[in-house]
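Listed below, chain by chain, are the residues.
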Amino acid sequence: MNESLERLTGLLRKEALQILRDPSALAIAFVLPAMLLIIFGYGVTLDPHRVALAVVVEQPDAVTHSFVAQLRGTPYFTTESFSTIQSADRAFDADRVSAIVWFRSDFTRRLASRGAAPLGIIVNGVDANTARLIEGYLQQTWANWLAMRSRERGLPAGLPIDLEPRIRFNPAVRSRDYLVPGLIAIVMTLTGALLTALVIAREWERGTLEALMVTRATIREILLAKLVPYFLLGMGGMVATLVLAVWLFGVPFHGSLLVLTGVSALFLLAALGMGLLISSVARNQFVAGQIAIIVTFLPAFILSGFVFDIGSMPWPIRLLTHVVAARYFVATLQSLFLAGDIWSVILPNALALAVMAFVFLGAARLRARKRLD
Amino acid sequence: MAAAAEPRPALRLENVSHQFGSHAHPETALAGVSASAAAGTVTGLIGPDGAGKTTLLRLVAGLLRLQSGRIEVLGEDVAGNPDGARARLGYMPQRFGLYEDLTVRENLELYAKVQNVPPQAWTARGSELMHMTGLAPFLGRLSGRLSGGMKQKLGLACTLVRIPELLLLDEPTVGVDPVSRRELWAIIDHLVRTEGLTVLVSTSYLDEAERCERVLLLHEGRLVSATDPSEFAAQTSGRSFQVSAEGMGKRRLQAELAQTPGVLDATIQGSFVRIVTAVGAPPPSASALAPGLTLNITQVPPRFEDSFVALLKTDGAVSLAAQTPAPSASGDAAGPTAHRTAPPAAAEEEPVILAAQLTRRFGDFLAVDAISFAVRRGEIFGLLGANGAGKSTTFRMLCGLLPATSGTLRVAGYDLRRAAASARARIGYMAQKFSLYGDLSVLENLRFFASAYRLRDPQRRARIDWALEEFALGAHAAAVSRELPLGYKQRLALACALMHEPQILFLDEPTSGVDPLARREFWRRINALAESGVTVLVTTHFMEEAEYCDRLAVLAQGKVLASGDPDSLKARVRTADHPQPTMEDAFIALLEAAAQPHAA
């Protein structure tokens, strides 16, 4: 066993040196995650924010002025004023504005006479999701304004029910707060599956694996020497992402670090197992990279619930998500970050991850032989 | 353990067969090979590409599952106890198995650990290896930055961190310059003498096979011959001749002789043509070739290569090289390669390629240092040099891919500084790695290159038909080119380079790693092209390719060391005790003379 340990340390040292010298390995492990984090942290958000709004006021007066001020007061809109609907339409068609609010010339008169006045709202529906949100915001603003107006005049509230929504687990309703935790799953998929598959394929390409196979090193030692360094690299990526998420983006973390570490380790083992399995099939880096992206990275992105809600997917796709390891991890991450240690969520997901890690690592071990055929 | 009376062979193969591919389309790699290698000997494994050499070595190393037969390594059954056999053998795969982003020292230490060399023993073993390979000054260098020869020595050193009892080497010297090749063999000889090592080495260099105690010749998976090299060479004893003719050029003569019945092999050797006749066939007569011709025929001692070619050509299954039609070489039927008129005898025309004081600098590094040469029309000119001598840089400048720092360079009458594009249209270029699209079929590759050279349809179709016919590729037109055997790939690459009927053909290491049969066929075509007036420029570090050239320039460190025809270069190193120097001897002598400052 002492001899085995010596061989293993030799292989581990080699792997560590290669990781340190190869800029592409460090780039995939740390630079790519940091870039993703910045893109998702700053750039991509599913909340409409500063939506360009065209405001058409055909006959400006104090009433319209008060409503436009209300619109400007929210963080959701930036407004641009037009005097005719035609000029606003042109801006709309040119995609300079995403929505139009249209006060007809008789707006104030009809509001006064019947207590309600038609307000024209046109929303760009190309992005259906955003369109619905804009529509919701506008209606909310409209209702608020009416309520405020009634209170000012000492009248009873215009709406019979006063909605007071309370949102649990993400009180700020910031999409960033649930996207960024999910990124940890993406980062670990990159190091665990993509990077591992690539480096082993590289050893096939350069003939180094063929040379190693004829040495005393056993296949278990060769696999272990790949698992350990990339496991550490993946955990490093997780810690880096966590630190950036909490400190740079102010994403709350309600769970315990111990649970996060444990579940991450399980997921990483599953990802590494997939990486090893891919490398036993694909013996050149190009093919290994393609397979890894298609069977691990893209599913982790699309089918894990990271961006798209699994519950609203059609059932065949929903069924498919069950074989995506990232799905269980993303669910755990979101609960750990936003809600805390909810054991009814964590336990079943962790169990699923453990099963997947066992299956993939076992399959990789069974497929690996000290032979070329 | 070896106290037994009967010396057991270090390696025993018993009826070993191996197939690749599916059950529906099995491809036989080895068919019933039985052989053995005595302990403490060097056995050479030779044969054309695809003969099964690598498969055999991998089976011995336990890297492939033994499908049928039995292999014993030092008495251990490889199929039954692969780890036991593996622990006692060393194997260097074709690509050396080095980690290029690790230093020389780190590579050695990795293998020392993986092979469980105890640290105390490693100190002594490591310095011994350093001494043997001359790698000591480079311990801290990344192995990816070593030259080909050094990589190969490091690869060998890594295999030898623990002295194996049986050493397997798979084409250890492919792409390695002659000096490094000699050094490697010196190491192997030393190990066999001092350590009693048994070596099985596959090679495509026949001079290396000649150094072995025993030679196994594989052909299409069968063991065709297993003898010692002198016996092997003696098989053509009395059937090897040197021929020259008055009134007929050597290339024309070679082409004629190659088609004469009873002649198995005809190659150009300096100013002579060397032939091997079939068993019982008389030497060719002048009258059979052309009326009024006088042939000077002298019998010469047989060479190893003579027997190699003769054996393969007479072996039951006809090889692929022998199947293809001989290219039409005679001057009057030069094929559709346009330039039908033979080069005029009076060669006082402008050289087709002219380099004068050509220099290229990369920063402080002088890659090409004021070299000059001129190549006439229809001439085959060789740039001979080891890796890093400046061949590739010169070549890139000639192709107009890299501007010269200073000096004059004219190709086909165009100054490359001003009219690189016009010059390029007259150049055909065949790169070392063949630059084919591996995923495209043969036909698609031809179509692509035809359109890349802007051929329009009647002409384009004619050229593609010509290529399929001339290079016997018709049967493989739909085959994916990646899967073609090396010889076919090479033919396809040449066909693509000739699509636009260039006046000048550039060949970069054209037959590196290709077996003697394929190499012969390739040069038969090149000779025919030169006969028809195409000017050919070859870079090579392969001495046998140099023999095919009319004239050569020997490069080292960016300078021309010597130039002239092969015979005169060889004559320079002729001495009383070395009356028949080879091209390699001449080359090494030139390099050694250059390394000694101002020996002259």
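What counts and what doesn't
Residues numbered from 1 in each chain as written. Chains lettered and ligands numbered in written order. Predicted model: local features only at pLDDT ≥ 70, side-chain atom pairs only at ≥ 80, totals over all residues. Helix = DSSP H or I, 4+ residues; strand = E, 2+ residues; numbered from the N terminus. Rg over C-alpha atoms; globule rule 2.2 N^0.38 Å. Buried ≥ 20, exposed ≤ 12 C-beta atoms within 10 Å, placed from the backbone. Contact = placed C-beta atoms within 7 Å. Core = buried A, V, L, I, M, F, W, Y, C linked by C-beta atoms within 7 Å. Nonpolar A, V, L, I, M, F, W, Y, C, P; charged D, E, K, R; others polar. Axes fitted to C-alpha atoms, helices over the stretch in contact; angles between N-to-C directions. Parallel < 35°, antiparallel > 145°, perpendicular 65-115°, else oblique. Left-handed = near helix turned anticlockwise from the far one by under 90°. Domains from an automatic or database assignment. pLDDT = per-residue confidence, 0-100. Pairing = 2+ DSSP bridges. Expected span 1.5 Å × (residues − 1). Arc of directions from axis to C-beta.

1. Quick word on the overall build of chain A
Item 1. When you go through chain A residue by residue, the secondary structure sums to 14 helices and 4 strands.
Item 2. Here the C-alpha atoms of chain A give a radius of gyration of 28 Å, more than 25% beyond the 21 Å that 2.2 N^0.38 yields for 373 residues.
Item 3. Overall, chain A is about 95 × 45 × 40 Å in size when its C-alpha atoms are taken along their principal axes.
Item 4. The proportion of buried residues among the 373 residues of chain A is 37%.
Item 5. In chain A, once contacts between residues fewer than 6 apart in sequence are set aside, the share between residues at least 24 apart is 79%.

2. Details of the overall build of chain B
Item 1. Broken down by element type, chain B carries 21 helices and 24 strands.
Item 2. For a compact globule of 600 residues, the expected C-alpha radius of gyration is about 25 Å, and chain B comes in at 25 Å, within 12% of that figure.
Item 3. Expressed along its principal axes, the backbone C-alpha trace of chain B runs to roughly 75 × 60 × 55 Å.

3. Focus: the nonpolar core
Considering soluble globular proteins, one finds that nonpolar side chains tend to be buried as a cluster.
Item 1. In this structure, Val60, Leu168, Phe506 and Val536 of chain B are the most contacted members of the largest nonpolar core, which totals 178 residues.
Item 2. When residues of this core are assigned to their parent elements, the largest contribution, 8 residues, is made by helix α18 (residues 516-531) of chain B.
Item 3. Discounting chain neighbours no more than four positions away, the residues touching Val60 of chain B are Leu11, Ile71, Val73, Val78, Leu168 and Leu200 of chain B.
Item 4. Ala25, Ala300, Val324 and Leu338 of chain A belong to the second largest nonpolar core, which has 67 residues in total.

4. Notes on the interface of chain A and chain B
Think of interface size as the accessible area that goes away when the parts come together; that is how it is often given.
Item 1. Taken together, the contacts link 25 residues of chain A with 24 residues of chain B.
Item 2. Of all the elements, helix α1 (residues 2-21) of chain A adds the most residues to the side of chain A that touches chain B, at 10 residues.
Item 3. Residue composition of the side of chain A that touches chain B, grouped by class: 8 nonpolar, 6 polar and 11 charged.

5. Quick word on unusual backbone geometry
Residues and elements named next belong to chain B.
Item 1. A positive phi angle is found at Asn116, which is not glycine, with a value near 55 degrees.
Item 2. Position of Asn116 relative to the elements: it lies in the loop between α3 (104-114) and α4 (119-133).
Item 3. With a phi close to 50 degrees, Gln357 is a non-glycine residue in the positive phi region.
Item 4. Examined against the element boundaries, Gln357 turns out to sit in strand β15 (residues 353-362).

6. Some remarks on the packing of helix α17 (residues 486-497) of chain B against α18 of chain B
All names here are of chain B.
Item 1. Contact geometry for α17 and α18: axes closest at 10 Å, N-to-C directions at 15 degrees. Between α17 and α18, the interaxial angle falls into the category roughly parallel. In this structure, α17 meets α18 at a crossing whose hand is right-handed. In contact with Leu486, Gly487, Gln490 and Leu494 of α17, α18 contributes Ala518, Phe522 and Arg525.
Item 2. Of the residues assigned to the contact of α17 with α18, the class counts are 4 nonpolar, 2 polar and 1 charged.

7. Quick look at the domain arrangement of chain A
Item 1. In terms of domain boundaries, chain A breaks down into domain 1 (21-44 + 174-367) and domain 2 (51-152).
Item 2. A C-alpha centroid distance of 46 Å is found between domain 1 of chain A and domain 2 of chain A.

8. Things to note about the confidence of the model for chain B
All names here are of chain B.
Item 1. For chain B, per-residue confidence averages 83 on the pLDDT scale, and residues scoring 70 or more make up 92% of the total.
Item 2. Taken as a whole, residues 1-5 scores under 50 in pLDDT and shows 0 contacts with residues more than four places along the chain or in a different chain.
Item 3. A low-confidence stretch, residues 317-347 stays under pLDDT 50, and its non-local contacts, those more than four residues away or across chains, total 60 contacts.

9. A short note on the domain arrangement of chain B
Residue and element names in this part refer to chain B.
Item 1. By the assigned domains, chain B splits into domain 1 (11-229) and domain 2 (235-317).
Item 2. Centre-to-centre separation of domain 1 and domain 2, based on C-alpha positions: 36 Å.
Item 3. Counting residues at the interface gives 11 residues for domain 1 and 7 residues for domain 2.
Item 4. Among the residues forming the side of domain 1 that touches domain 2, the class breakdown is 7 nonpolar, 2 polar and 2 charged.

10. Some details on the sheet that holds strand β8 (residues 198-202) of chain B
Residues and elements named next belong to chain B.
Item 1. The 6 strands are arranged β6-β7-β8-β3-β9-β10 in an open sheet whose pairing can be described as mixed. Two strands bound the open sheet, and with one partner strand each, they are β6 (89-92) and β10 (222-227). On average, each strand axis in the sheet is tilted by 15 degrees relative to the strand beside it, whichever way the strands run.
Item 2. Alignment of strand β7 (residues 166-170) against β8, held across 5 bridges, turns out to be parallel. Within β8, the position partnered with Leu169 by the bridge is Val201.

11. A closer look at helix α6 (residues 178-195) of chain B
All names here are of chain B.
Item 1. Under the 1.5 Å per step criterion, the end-to-end length of α6 is 25 Å for 18 residues, consistent within 8% with the ideal 26 Å.
Item 2. When we look at burial in α6, the residues that qualify are Pro178, Ser180, Arg181, Leu184 and Ile188. Down the axis of α6, the smallest arc covering the buried residues is 160 degrees, so these residues share one side. Structural note: α6 exposes Ala186, His190, Arg193 and Thr194 on the side pointing more than 90 degrees away from its buried face.
Item 3. Looking at the buried residues of α6, the elements they touch are β3 (42-46), α5 (148-159), β8, α19 (543-547) and α21 (583-595).
Item 4. Phi turns positive, to about 65 degrees, at Gly196, one or two residues after α6.

12. A word on the sheet that holds strand β22 (residues 535-540) of chain B
Residues and elements named next belong to chain B.
Item 1. With respect to topology, 6 strands assemble into an open sheet ordered β20-β21-β22-β17-β23-β24, the strand pairing being mixed. Since the sheet does not close on itself, it has two edges, and those belong to β20 (427-430) and β24 (559-564), each with one partner. Geometrically, the sheet is characterised by an average inter-axis angle of 15 degrees between neighbouring strands, direction not taken into account.
Item 2. With 4 bridges joining them, β20 and strand β21 (residues 504-508) adopt parallel strand pairing. When the sheet's bridge partners are listed, Gly428 is paired in β21 with Leu505.
Item 3. Where α18 meets the sheet, its contacts fall on β17 (380-385), β21 and β22, and the angle it forms with β22 comes to roughly 145 degrees.

13. With respect to the packing of helix α7 (residues 176-206) of chain A against helix α10 (residues 257-281) of chain A
Residue and element names in this part refer to chain A.
Item 1. Interhelical geometry of α7 versus α10 gives an angle of 30 degrees and a closest axis separation of 8 Å. In terms of their interaxial angle, α7 and α10 are classed as roughly parallel. The hand of the α7/α10 crossing is right-handed. For the pair formed by α7 and α10, the contact residues are Ala185, Met188, Thr189, Gly192, Ala193, Thr196, Ala197, Ile200 and Ala201 on the first element and Ser264, Phe267, Leu268, Ala271, Leu272, Met274, Gly275, Leu276, Ile278 and Ser279 on the second.
Item 2. When grouped by side-chain class, the residues that make up the contact of α7 with α10 number 13 nonpolar, 6 polar and no charged.

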